[in-house]
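# Working through the structure, step by step
Residue strings, one per chain:
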Amino acid sequence: MPQTVTIEIRRYRPEEEAEPTWQRYEVPFWREWMVLDALNYIKDHVDGTLSFRWSCRMGVCGSCGMMVNGNPALTCATYLETLVPGPVQVEPLRGFPVIRDLVCDLTDFITKLQRVQPWIVRETEGTPAQGEYRQTPDELAAYRPYAMCINCLLCYAACPIYELEPGFLGPAVIALAQRYNLDSRDQGREARMDVLSEHDGIWACTLVGECSTVCPKHVDPAGAIQRYKLDAAVAWVKALVLPRSGR
Amino acid sequence: MNPAYRRHHPKWYRARMPIFWWFRKAAYFRFIARELTSVFVAYSSVLLLVQLRAVAAGPEALARFTAWLHLRPVVALHVVVLLALLFHTVTWLHLAPRAIVIRLGRRRVPDVAVLLGHYGAWLAASGLVVWLLRL
Ligand code: SF4
Ligand code: FES
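Nothing here was measured: the structure is a model prediction, and the numbers come from that model. (Residues numbered from 1 in each chain as written. Chains lettered and ligands numbered in written order. Predicted model: local features only at pLDDT ≥ 70, side-chain atom pairs only at ≥ 80, totals over all residues. Heavy atoms only, no water.)

## A few points about the confidence of the model for chain B
Residue and element names in this part refer to chain B. The condition is simple: Here pLDDT means the predictor's own confidence in every residue, given as a number from 0 to 100. Helix and strand assignments come from DSSP, with helices taken as H or I runs of at least 4 residues and strands as E runs of at least 2, each series counted from the N terminus. Note on contacts: a residue pair is in contact if any heavy atoms of the two residues lie within 4.5 Å.
The predicted model of chain B has a mean per-residue pLDDT of 85, with 92% of residues at 70 or higher. Ranking the elements of chain B by mean pLDDT puts helix α1 (residues 3-7) last, at 47, and helix α3 (residues 38-56) first, at 91. Every residue in residues 1-5 scores below 50 in pLDDT, and together they form 7 contacts with partners more than four places removed in sequence or on other chains. At the level of chain-chain contacts, confidence expressed as ipTM amounts to 0.73, with global pTM at 0.85.

## Quick notes on the site of ligand 1
Put simply, the rule reads: By convention in these notes, a residue is near a molecule or strand provided one of its non-hydrogen atoms lies within 4 Å of it. Each residue gets one label: Ala, Val, Leu, Ile, Met, Phe, Trp, Tyr, Cys and Pro are nonpolar, Asp, Glu, Lys and Arg are charged, and the others, such as Gly, are polar.
Looking at ligand 1, the residues that line it are Cys149(A), Ile150(A), Asn151(A), Cys152(A), Leu153(A), Cys155(A), Ala172(A), Cys215(A), Pro216(A), Val219(A) and Pro221(A). For the shell around ligand 1, a count of residues per class yields 10 nonpolar, 1 polar and no charged.

## Quick look at the packing of helix α3 (residues 137-147) of chain A against helix α6 (residues 171-181) of chain A
Residue and element names in this part refer to chain A. Short version of the rule: Inter-axis angles, ranging from 0 to 180 degrees, are taken between N-to-C directions of lines fitted to C-alpha atoms, where helices are fitted over the stretch in contact. An angle below 35 degrees is treated as roughly parallel, one above 145 as roughly antiparallel, one from 65 to 115 as roughly perpendicular, and anything else as oblique. Take the far helix as the reference: if the near one is turned anticlockwise from it by less than a right angle, the crossing is left-handed, and if turned clockwise, right-handed.
Interhelical geometry of α3 versus α6 gives an angle of 160° and a closest axis separation of 8 Å. On the basis of their axis angle, the class for α3 and α6 is roughly antiparallel. Helix-helix and strand crossings are classified by hand; for α3 and α6 the assignment is left-handed. Facing α3, whose interface residues are Tyr143, Tyr146 and Ala147, α6 presents Ala175, Leu176, Gln178 and Arg179.

## Quick look at the side chain of Asp186(A)
Residue and element names in this part refer to chain A. Note the following rule: The definition of a polar contact used here is a pair of N or O atoms within 3.5 Å, where within protein one atom must be able to donate a hydrogen and the other to accept one, and adjacent residues in sequence count solely through side-chain atom pairs.
Residue placement: aspartate 186 occurs in the loop between α6 and α7 (189-196). A polar contact of 2.9 Å, which involves the side chain of aspartate 186, links it to the backbone nitrogen of valine 121. In contact with aspartate 186, not counting residues within four places along its chain, are Trp119, Ile120, Val121, Tyr180, Asn181 and Arg192.

## Points about the sheet that holds strand β2 (residues 21-28) of chain A
All names here are of chain A. Cut-off, in case you're wondering: When DSSP finds two or more bridges between a pair of strands, those strands are recorded as paired.
Taken together, the 5 strands give an open sheet; going across it, the order is β2-β1-β5-β3-β4, and neighbouring strands pair in mixed fashion. Of all strands in the sheet, those with a lone pairing partner are β2 and β4 (71-74), marking the two edges. Averaged over all adjacent pairs, the angle separating strand axes in this sheet is 35°, with direction ignored. Note: strand β1 (residues 4-11) against strand β5 (residues 88-91), 3 bridges, orientation parallel. Paired with glutamate 8 across the two strands is glutamine 89, which belongs to β5. Contacts between helix α1 (residues 35-46) and the sheet are confined to β1, β2, β3 (65-68) and β5, with β2 contributing the most and set at about 95° to the helix.

## A few points about the domain arrangement of chain A
Residues and elements named next belong to chain A. What counts is decided by this rule: Per the annotation, domain bounds derive from an automatic or database assignment of domains. When two parts are put together, the accessible area they lose, computed with a 1.4 Å probe and summed over both, is reported as buried area. Whenever Lys or Arg places a side-chain nitrogen within 4 Å of a carboxyl oxygen from Asp or Glu, that contact is recorded as a salt bridge.
For chain A, the domain assignment lists domain 1 (4-104) and domain 2 (107-241). One C-alpha centre belongs to domain 1, the other to domain 2; they are set 30 Å apart. Interface area for domain 1 against domain 2, summed over the two sides, is near 1,000 Å², with a carbon-plus-sulfur share of 71%. On the domain 1 side of the interface with domain 2, the three residues burying the most area are Pro72, Arg94 and Phe96, jointly 45% of the side's total. On inspection of domain 1 and its partner domain 2, the count reaches 0 salt bridges. Our count for the domain 1 to domain 2 interface comes out at 1 residue pair in polar contact (both at pLDDT 80 or more). Mapped onto the side of domain 1 that touches domain 2, the elements with two or more residues apiece are β3 and β4.

Shown next, in the form of structure tokens:
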């Protein structure tokens, strides 16, 4: 086992340089270290100017997503050991504008997320006196996998369509829309369909499938999008054949 | 994007996507290959229509068409077309369980079953075509 490992980091210091550059660091190698531990070692002991986001260190907050050796990964859940002898290359998430070093601007995602109303929409809101909206375990199971999303955006970094067509809503936004569509308590399906069936919605997806491969929470956004396409197509055919029946 | 927000980050860096992005990963390459082979799918549909027209036009036209089919370069081309079609079909069928989620009561029908159903349908359709050609 090596004593040290080389980490190459794509740095971008907007006040100094017009383009990002690579910087190499030597860090000690510990078997139990994640890539994030190496980054924190650099920040604490070698170069305090390095910028990156992290919070929970346990694959829950979704803030430490970066490109590790060219693949989107949660750095707090990627063992350094799996990448030795190195060098290990760390870059900011692909597809998003870089603010500084490994920190990206995610406003685009947040704006799009709000458009699909990722919350329970009711036609008429019940009063607290009427009690909760009940749900059976089966009804919960219908949307549960999509509710596991931690907004880490690895799926966006894996999606070439998002990079080619920045207007595309993207995998996680559609999966989260589907999470609410499939919720038995929700009544917002039609309103979401207006946004999702736009040109930049589900139809922009050409099913590369990498979003589902990289998702650390097994959300399967590619599956969510294809299911949605099927639903939309069936609804369209129904409306064509039985115009009066409504959906 | 909120323009006011952009003002405070005047020096954002946005990476350009390289033309050959689809060489980055095997999965991207497979995707592009799947998309491109759809051209061959279109070609074979047109071929089938032309063949049907020849059948409708009588035995002479059909004989001419069949003679063309037997030309060496045409056979070579059609071997390539067949391989491309198989690649397209198989990769496409393997994506089907992603889109089709069937629930039987409480349980979700496993992906393998959906996949096998598609292969079964493919086999049945091919059998039908063979049977029609035999007639
Ligand atoms: S769908 Fe998966 S990869 Fe995408 S943001 Fe959610 S957890 Fe991350
Ligand atoms: S630090 Fe929270 S997911 Fe990695």
